[in-house]
Structure formats: structure tokens, C-alpha cells
Amino acid sequence: MNNKKLKEFCNSIGISCVGITGVGPYYDLEKIIIDRLENNLFTGMEEPSIEKRINPRATMENAKSIIVCAFPYFIENVLDSNISKYCYGKDYHIVVKEKLNQIGEYVNNEVKDFEYMIFADNGPLVDRYLANESGIGYYGINNNIITDEYGSYIFIGYIINNYNFELDNKSNKTCIKCGKCIKSCPGKAILGNFKIDPKKCLSYITQKKEELSENEKTILKNNKKIFGCDICQDVCPHNINISKTNIKEFAQDLMYRLNEEDIYNMSNKEFKRKYKDKAFSWRGKKIIQRNMEVLNEKNF
């Protein structure tokens, strides 16, 4: 099976950003990870095993290539939204897994003894690294991956598999380094040299389970998001005049705001039932309500 046939199928199910990369090991990435660990530039949510992060064969012993896909989600800019754009439509974990499974099943019907494993924000590998290596996009100073058509408003999923697909070339582009994301970041998390301190990122702060520090509360109060943050993407010149998503699940049943009264008056079970198809639901009602209380300086 050739790459052209694979990509034609991907296009037929709405995935236009597809690339193939190899299985490493990625020793250049290992150096970056070690540097970040030594400088405390990690959140603790990352895969703890460096070996698993740089070596796909630590996850799938007979891996020969990785199919990497970008899933655009931009719909529109909404001024009074209190959640991140990636939460407007259906939970990307659900959508990406469904699409990747479609790809895996398609190749399985075309290739004898095909084996694969799919990952949608739940795998050991560094998906942004894979996206860059597979030619899908290039790094911004804010560490987001930027694509030509959809900017940085994308999710990344990948399929580790045992087939020798032809490898695509790494993207050698870079962002224009205008510095707007550095100046605009609420927590000053973007360090300016393609490094970030993720613990200072507002998106991380809104998801943090531990008690918030006074500084973190101030960052949250000054920026009216209950979950996530889009600021570094909203100010990015690479996100001007981008295409809207062509994936229907990200364009239907849109929700732009969480209503405080609704949240306060529902049980945890009701919260999970009502918002089970939204990307913020995994964190639970407690964290969402805490963020609302911080924003409003209320004590309940």
C-alpha cells in the first residue's frame, strides 16, 4: 500500500493533514526532554518513562512507521466565551479515536497481517514532535504546531503500526518569531526560545487539581476563562485567515459558555451526564466550580 492511497482515504473522511514518520529512537528529542526535566519545565502529566517517549518500539515491539494526523477545530472567535475553543464542539478524544480507527480498519483491509495502535492525547510519544517530523506542521515559539491551512488550532493523533510506509520529510519551517505570544501570555509561560514553562500556562492552571497559589489565582482572575486558554493562538499571525474545520463533529452542537448557576446546582453525576461529550468533562465539576469561584471571588 502506498502513501498516496492512504492519504486519499484520509481525505475522504475529512482528514487533509496526514504524514508518516519513522520509529526512531528519537535521540534529539531525548536531549530536549532531559533538558526540560533538569530545568523543571514539566507538569507531571507527561509520560514518566523517557524511553517510552522517544522509542515507539517500547510501546509496540514490531513498529515500523507512524501515521500522524492533524484534526482542525477552529470555528470562529467568540468574545464572551469562558471556555477554550477546543471545547466548543464534541470531545476531541472521542472524535480523533473514531477517525484513527477508521484509518486503521481501512489499512487492515488492504494490508495482510497489519497491526496498529491508536493514540489521541493518551499515548506515550510526544505528538507535537511527531507532527513536525512527519511534515504536518512546524513549531511556534509557544510550542504549538502550526499548519499551513488551519494554523495551530489542531488536535494531533497518531497510529503506531507494523507497515513500512514511505516516510515523509520533516517540516523545516518555523514561525515568524514576532513575539506576540510571549508578550500576551497571562502567566508568562512562553520563554522566547521555543521553550515554555507549562506550569505557568493558564490552560494548565485551569486544569490543575492541586490548590492554586495566590499568583495562579491572580492569573485566572485577570483572564476570564474557566477552562483552557487561547490567548497565544489568538494573537498569532499564523492564525489569521485560516480555514475553518471540515470535521462536522467540531462544528455541531457548539457550546461557548458554561453557566455558573447550572454548575453550582448540579451534582457530579449530572455534570458528567450533561457534559460527557465535551473535552473539559474529564476534569470533573469540582475543578470547574473552583475556577468559577476564583473568577468571582466568591466563597461557597
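Everything below is about the structure printed above this text.
Residues numbered from 1 in each chain as written. Predicted model: local features only at pLDDT ≥ 70, side-chain atom pairs only at ≥ 80, totals over all residues. Heavy atoms only, no water.

## Concerning the overall build of the protein chain
Tallying secondary structure elements over the protein chain gives twelve helices and six strands in all. Relative to a compact globule of 300 residues, whose C-alpha radius of gyration would be 19 Å, the protein chain shows 19 Å and is just as compact. A buried classification covers 52% of the 300 residues belonging to the protein chain. Across the protein chain, every contact between residues at least 6 apart in sequence was considered, and the portion connecting residues at least 24 apart equals 78%. Carbon and sulfur atoms form 46% of the exposed surface of the protein chain, whose accessible area is close to 14800 Å². Averaged over its 44 positive side-chain charges, the protein chain has a centre that lies 3 Å from the centre of its 40 negative ones. (Helix = DSSP H or I, 4+ residues; strand = E, 2+ residues; numbered from the N terminus. Rg over C-alpha atoms; globule rule 2.2 N^0.38 Å. Buried < 20%, exposed > 50% of the residue type's maximum accessible area, 1.4 Å probe, protein only. Contact = heavy atoms within 4.5 Å. Areas by Shrake-Rupley, 256 points an atom, 1.4 Å probe, with all protein chains shown as cover. Lys, Arg positive; Asp, Glu negative; His and termini not counted. Charge placed at Lys NZ, Arg CZ, Asp CG, Glu CD.)

## Describing the packing of aromatic side chains
With the rule as written, the count across this model stands at 17 aromatic pairs. On the basis of an interplanar angle of 85° and a centroid distance of 4.8 Å, the ring pair of Tyr88 and Tyr256 is categorised as edge-to-face. You can see Tyr88 sitting in the loop between strand E2 (65-72) and helix H4 (92-110) and its partner Tyr256 sitting in the loop between helix H9 (231-234) and helix H10 (260-265), a full 168 residues away along the chain. Relative accessible area serves as the criterion here: at 23%, Tyr256 is assigned to the partly exposed category. Feature note: the residues Tyr73, Phe74, Tyr86, Tyr92, Tyr153, Phe155 and Phe250 constitute an aromatic cluster, connected by ring pairs. Above the face of the Phe42 ring, Lys199 is positioned so that its terminal group lies 5.4 Å from the ring centre. (Phe/Tyr/Trp six-rings, centres within 6.5 Å; stacked < 30°, edge-to-face > 60°. Lys NZ or Arg CZ within 6 Å of the ring centre and 35° of its normal.)

## Some words on the nonpolar core
Ranked by size, the top nonpolar core spans 56 residues in total, and within it Ile67, Phe71, Ile103, Leu258, Phe280 and Ile288 carry the most contacts. Ranked by residues supplied to this core, first place goes to H4 with seven residues. In this structure Phe280 touches Ile83, Cys87, Phe227, Met255, Leu258, Phe271, Tyr275 and Ile288, once residues within four positions along its chain are discounted. Judged by nonpolar contacts, the second largest core, of 24 residues, contains Val23, Ile33, Ile66 and Ile145. (Core = buried A, V, L, I, M, F, W, Y, C linked by side-chain atoms within 4.5 Å.)

## Focus on H4
Taking 1.5 Å per residue, 19 residues should reach 27 Å; H4 reaches 27 Å between its end C-alpha atoms and fits that length. Within the span of H4, buried status applies to Tyr92, Val95, Val96, Lys99, Leu100, Ile103, Gly104, Tyr106 and Val107. For H4, the angular spread of buried residues about the axis comes to 165°, placing them on one side. Those residues of H4 that are buried lie in contact with helix H1 (3-12), E2, strand E3 (116-119) and strand E6 (154-161). (Expected span 1.5 Å × (residues − 1). Arc of directions from axis to C-beta.)

## A look at the sheet that holds strand E1 (residues 17-21)
Read across the sheet, four strands follow the order E1-E2-E6-E3 without closing on themselves; strand pairing throughout is antiparallel. Two strands close off the open sheet at either side, each with one partner strand: E1 and E3. Averaged over all pairs of adjacent strands, the angle between their axes in this sheet comes to 20°, without regard to strand direction. (Pairing = 2+ DSSP bridges. Axes fitted to C-alpha atoms, helices over the stretch in contact; angles between N-to-C directions.)

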